[in-house]
Amino acid sequence: MPYRSKELLQQWVREFTATSDDLPSGIEVLRHDGGAGADTGLVVMRMTDLPSDVYLYPAGPGDPNWEVNFGPRERNLTMSAAKLRNLAKELTRAAALCEFLQTKSAHHTPGSQHMTAM
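Because the structure is a prediction, the values reported are computed rather than measured.

### A closer look at the overall build of the chain
Part 1 of the reasoning: Helix and strand counts for the chain stand at two helices and four strands.
Part 2 of the reasoning: Counting helices and strands in the order they occur from the N terminus, the chain gives α-β-β-β-β-α.
Part 3 of the reasoning: Counting every position in the chain, which comprises 118 residues, the buried fraction comes to 35%.
Part 4 of the reasoning: Contacts spanning at least 24 positions in sequence make up 53% of the contacts within the chain whose residues lie at least 6 apart.
Part 5 of the reasoning: Per element, the accessible surface of the chain, about 6800 Å² overall, is 52% carbon and sulfur.

Right, dumping it as structure tokens:
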């Protein structure tokens, strides 16, 4: 089963951000308890015009696929066309990050802190 620690995910996120367009959303990796005390890491995107965080995480143990979860919001979301365009760009970046993490996970060997070349 591929093991993705906080440190490994931070390395992958740094690699992704070094090669992607700079958008105002922030990306952070948090420690996440994956059961039995295992640090599985959790990727969080904080978007400029979305009043809730976006969480990216593996679909399941050993699964290279990733899922995206939009945190709850307390109110309706109303925005201008410009803010909607910016949100669309940030969501596109979230999708690209999710795909990047899936690719990295598929090439990551169990027990290794490095990944195979893509």
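The discussion continues.
### Re the sheet that holds strand β1 (residues 26-30)
Part 1 of the reasoning: In spatial order, the strands read β1-β2-β3-β4; together these four strands make up an open sheet with antiparallel pairing. Edge positions in the sheet fall to β1 and β4 (66-70), since each has one partner strand and no second. Ignoring strand direction, the axes of neighbouring strands in this sheet form an average angle of 25°.
Part 2 of the reasoning: Of the strand pairs in this sheet, β1 and strand β2 (residues 42-46) are connected by five bridges, and their pairing is antiparallel. Paired with Glu28 across the bridge in β2 is Val44.
Part 3 of the reasoning: Set on the sheet, helix α2 (residues 81-107) makes contact with β1, β2, β3 (54-58) and β4; between it and β4 the angle comes to about 150°.

What counts as what
- Residues numbered from 1 in each chain as written.
- Predicted model: local features only at pLDDT ≥ 70, side-chain atom pairs only at ≥ 80, totals over all residues.
- Heavy atoms only, no water.
- Helix = DSSP H or I, 4+ residues; strand = E, 2+ residues; numbered from the N terminus.
- Buried < 20%, exposed > 50% of the residue type's maximum accessible area, 1.4 Å probe, protein only.
- Contact = heavy atoms within 4.5 Å.
- Areas by Shrake-Rupley, 256 points an atom, 1.4 Å probe, with all protein chains shown as cover.
- Pairing = 2+ DSSP bridges.
- Axes fitted to C-alpha atoms, helices over the stretch in contact; angles between N-to-C directions.

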